[in-house]
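Here's the letter readout for the chains.
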Amino acid sequence: MLSSTAIKTRSAAFGFDLCGVSRAERYPKLARLAEWYASGQAGEMRYLADTRGERADPRVVLPTARSVVSLGVLYNTAQPHSASLTEPDRVAVARCAWGTDYHEVVRARLRELLTWMSREAGPDLEAMTCVDDGPVQERVFAEQAGLGWIGKNTCLINPEIGSWLFLAEILTNVDLEPDAPGVDQCGRCTRCLDACPTGAIVEPYRVDATRCLSYHTIEVRDDVDERWRAAIRTQVFGCDICQDVCPWNNRAPVSGDPAWQPRPGLEFPRLIHLCRLSDEAWRALLKASAMRRAGLARIRRSLGYAAAARPAAEATDALDALASHSSASDPRVAGAIAWARGRLTSVR
Ligand code: B12
Ligand code: SF4
Ligand code: SF4
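As the structure is a computational prediction, the values presented were derived from the model and not from experiment.

Calculation notes
Residues numbered from 1 in each chain as written. Chains lettered and ligands numbered in written order. Predicted model: local features only at pLDDT ≥ 70, side-chain atom pairs only at ≥ 80, totals over all residues. Near = placed C-beta within 6 Å. Helix = DSSP H or I, 4+ residues; strand = E, 2+ residues; numbered from the N terminus. Nonpolar A, V, L, I, M, F, W, Y, C, P; charged D, E, K, R; others polar. Expected span 1.5 Å × (residues − 1). Buried ≥ 20, exposed ≤ 12 C-beta atoms within 10 Å, placed from the backbone. Arc of directions from axis to C-beta. Contact = placed C-beta atoms within 7 Å. Core = buried A, V, L, I, M, F, W, Y, C linked by C-beta atoms within 7 Å. Domains from an automatic or database assignment. Pairing = 2+ DSSP bridges. Axes fitted to C-alpha atoms, helices over the stretch in contact; angles between N-to-C directions. Left-handed = near helix turned anticlockwise from the far one by under 90°.

## Points about the site of ligand 1
Consideration 1: Neighbouring residues of ligand 1: 37 residues in total, closest Arg32, Ala94, Val207, Ser214 and Gly238.
Consideration 2: Contributing elements (two or more residues each) for the shell around ligand 1: helix H2 (32–38), helix H7 (138–144), strand E7 (165–172) and helix H9 (213–219).
Consideration 3: No other element matches H9, which puts four residues into the shell around ligand 1.
Consideration 4: By residue class, the composition of the shell around ligand 1 is 24 nonpolar, six polar and seven charged.

## Comments concerning helix H6 (residues 102–121)
The periodicity of an α-helix, 3.6 residues per turn, causes residues three or four places apart in sequence to face the same way.
Consideration 1: Over its 20 residues, H6 extends 27 Å from the first C-alpha to the last, a length consistent with the 28 Å expected when each residue adds 1.5 Å.
Consideration 2: Among all positions in H6, only Tyr102, Val105, Val106, Arg109, Leu110, Leu113 and Met117 are buried. Take H6 and look down its axis: the buried residues cluster within an arc of 130 degrees, on one side only. Along H6, exposed side chains directed more than 90 degrees from the buried face belong to Ala108, Arg111, Thr115 and Arg119.
Consideration 3: On its buried face, H6 is in contact with helix H1 (4–13), strand E2 (67–74), strand E4 (127–130) and E7.
Consideration 4: Just downstream of H6 lies Gly122, where phi reads positive at about 85 degrees.

## Structural notes on the site of ligand 3
Consideration 1: Around ligand 3, a shell composed of Gly151, Lys152, Asn153, Cys186, Cys189, Thr190, Arg191, Cys192, Val245, Cys246, Pro247 and Trp248 is seen.
Consideration 2: Looking at side-chain class alone, the shell around ligand 3 contains seven nonpolar, three polar and two charged residues.

## Considerations on the nonpolar core
General note: in soluble globular proteins, nonpolar side chains tend to be found buried as a group.
Consideration 1: Core analysis: the largest hydrophobic core is formed by 97 residues, its most contacted members being Val93, Phe237, Leu303 and Ala307.
Consideration 2: Each of two domains, domain 1 (1–269) and domain 2 (270–341), supplies a minimum of three residues to this core.
Consideration 3: Non-local contacts of Phe237, meaning those with residues more than four positions away in its chain, are made with Val93, Ala94, Ala97, Thr217, Ile218, Met291, Ala294, Ile299 and Ser302.

## Considerations on the sheet that holds strand E1 (residues 18–23)
Consideration 1: One open sheet accounts for four strands, arranged E1-E2-E7-E4; its pairing is antiparallel. The strands lining the two open edges of the sheet, one partner per strand, are E1 and E4. Mean inter-strand twist for the sheet, computed between neighbouring axes without regard to direction, equals 20 degrees.
Consideration 2: Relative to E7, E4 is paired through four bridges, and the arrangement is antiparallel. In the sheet register, Thr129 faces E7, and the bridge partner there is Ile170.

## As for unusual backbone geometry
Consideration 1: Backbone geometry at Tyr205 places phi at a positive 70 degrees, although glycine is not the residue there.
Consideration 2: Relative to the elements of secondary structure, Tyr205 occurs in the loop between strand E8 (201–203) and strand E9 (206–207).
Consideration 3: Its identity as a non-glycine residue notwithstanding, Phe268 has a phi of 45 degrees, on the positive side.
Consideration 4: Relative to the elements of secondary structure, Phe268 occurs in the loop between helix H11 (241–244) and helix H12 (271–276).

## Overview of the environment of Val202
Consideration 1: Within the secondary structure, Val202 is located in strand E8.
Consideration 2: Residue Val202 is classed as partly exposed on the basis of its C-beta count, with 14 C-beta atoms lying within 10 Å.
Consideration 3: Separated by 184 residues in sequence, Val202 and Leu18 place their C-alpha atoms 29 Å apart.

## Here we look at the environment of Ala31
Consideration 1: Tracing the backbone through its elements, the reader meets Ala31 in the loop between E1 and H2.
Consideration 2: Residue classification places Ala31 among the partly exposed residues on the basis of 14 C-beta atoms within 10 Å.
Consideration 3: Distance in space between the C-alpha atoms of Ala31 and Gly151 is 18 Å, their sequence separation being 120 residues.

## Notes on the domain arrangement of the protein
Consideration 1: When cut into domains, the protein gives domain 1 (1–269) and domain 2 (270–341).
Consideration 2: The centre of domain 1, based on its C-alpha atoms, is set 28 Å off from the matching centre of domain 2.
Consideration 3: Contributing elements (two or more residues each) for the side of domain 1 that touches domain 2: H6, H9 and strand E10 (235–237).
Consideration 4: For the side of domain 1 that touches domain 2, the element with the highest residue contribution is H6, accounting for three residues.
Consideration 5: Here the residues of the side of domain 1 that touches domain 2 are counted per class, giving 12 nonpolar, five polar and nine charged.

## Quick notes on helix H15 (residues 312–323)
Consideration 1: Here H15 contains 12 residues, and its C-alpha end-to-end distance of 16 Å stays within 8% of the 16 Å for a straight helix at 1.5 Å per residue.
Consideration 2: For H15, the complete set of buried residues consists of Ala315, Ala318, Leu319, Ala321 and Leu322. For H15, the angular spread of the buried residues around the axis is 155 degrees, confining them to a single face. Seen from the open side of H15, the exposed residues pointing more than 90 degrees away from its buried face are Ala312 and Ala313.

## Considerations on the pairing of E7
Consideration 1: Taken across its eight residues, E7 has eight buried, putting it largely inside the fold.
Consideration 2: The alternating pattern of E7 places Leu165, Leu167, Glu169 and Leu171 on one face and Phe166, Ala168, Ile170 and Thr172 on the opposite face, and all of these are buried.
Consideration 3: Relative to E7, E2 runs antiparallel, the two sharing eight bridges. Within E7, the position partnered with Val69 by the bridge is Ile170.

## So, the packing of H1 against H6
Axis angle and axis distance: for two packed helices, these are the angle between their axes and the distance between the axes, and together they describe the pair.
Consideration 1: Their axes nearest at 10 Å, the elements H1 and H6 cross at an angle of 145 degrees. Once H1 is placed against H6, the crossing between them reads as right-handed. Contacts from Ala6, Ile7, Arg10 and Ser11 of H1 reach H6 at Leu113, Trp116, Met117 and Glu120.
Consideration 2: Considered class by class, the residues forming the contact of H1 with H6 number five nonpolar, one polar and two charged.

Here is the structure:
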């Protein structure tokens, strides 16, 4: 017989650091997505609206669902935070993209857990797994399942291990004992709102994605809106600033999991190094990496915007290096190089 306790014990053996259970229900916070999308703050992430019916109620995803098992994997490593970067010619790739693509790693772990659950529950088990790209509001279910609380920066924070977490779920028809929801412990802190370089946390618990550097450097397919290009500076893929400054991450433990350790070249590389990197070297670096989501042209586009923040000689070297690759004919890369060169002449 499948129980919450047994699933929790087993999940740890499969590499999950957190596990909790909630009922598969239509929680009030789930309604926020539709309002958020309607406000235009999702930008071009249409897939969120296309799946809004499923996202509002897990029983639309799996009609027989009774419980949601929420899982968390700590990906923090021993390296310093991007906010403490002292060498200005270095740039940051988001910590969640330093190692192997978490979608692949976590999905494999979910499969193992599900196989075990099927053995325990027998042939009547119905279940569905999600990690990131499924139509499930993962932070809401994680909060309901007691994995932590949704902070003012909108990240799920666990009081013991912080917010450097990948989230995943198993929706199932099994009636499992639910956990108590997480309790908000942000208190009067506003560090994430104060530190965000673009004011994207427009109010506590609300991120306007169209201002967020993570959105611009990972999700935006064409040119980044001119208003936000200069803000990219060092955040060339994703952005960790609102988690770097969160006091709950000061004592976050470090994961020894080889999957999350930074690949050589991704731990705060020099901008010029990334700009010079050949297509072949990038192909090797992006293999089974979460950075594939943006693709090389978009990554080089962001490097072009970042170059504009450097002193003229250094920026020119970086832009010349970007211009030497065949992807310089991509309109997004060409546009970024032209924009950055224009700023070098107009600003200085
Ligand atoms: C779209 C998306 C983004 C967008 C929008 C982010 C955002 N803040 O909404 C962008 C591209 C900007 C983004 C960035 C990042 N993301 Co993202 N993203 C997602 C995705 C696919 C959907 C999130 C979503 O629907 N957002 C829309 C908002 C409205 O919905 P929501 O996040 O569920 O928020 C609910 C709560 O905030 C709730 N709520 C909370 N408090 C309150 C208070 C009140 C008063 C009310 C009414 C409601 C309310 O209402 C919302 C509606 O459901 C999820 C995966 C998933 N399927 O859930 C990953 C996910 C949230 N992202 C993740 C990560 C790691 C990141 C980055 C850290 C990556 C990086 N380093 O660049 C940044 C963090 C930026 C940030 N501060 O959020 C992780 C978060 C893990 C964690 N600890 O929270 C997730 C869960 C993916 C995963 N499986 O691990 N992301
Ligand atoms: S990820 Fe960066 S840009 Fe986005 S809300 Fe956090 S600090 Fe702001
Ligand atoms: S920085 Fe402060 S306000 Fe922001 S999420 Fe962390 S504890 Fe909450």
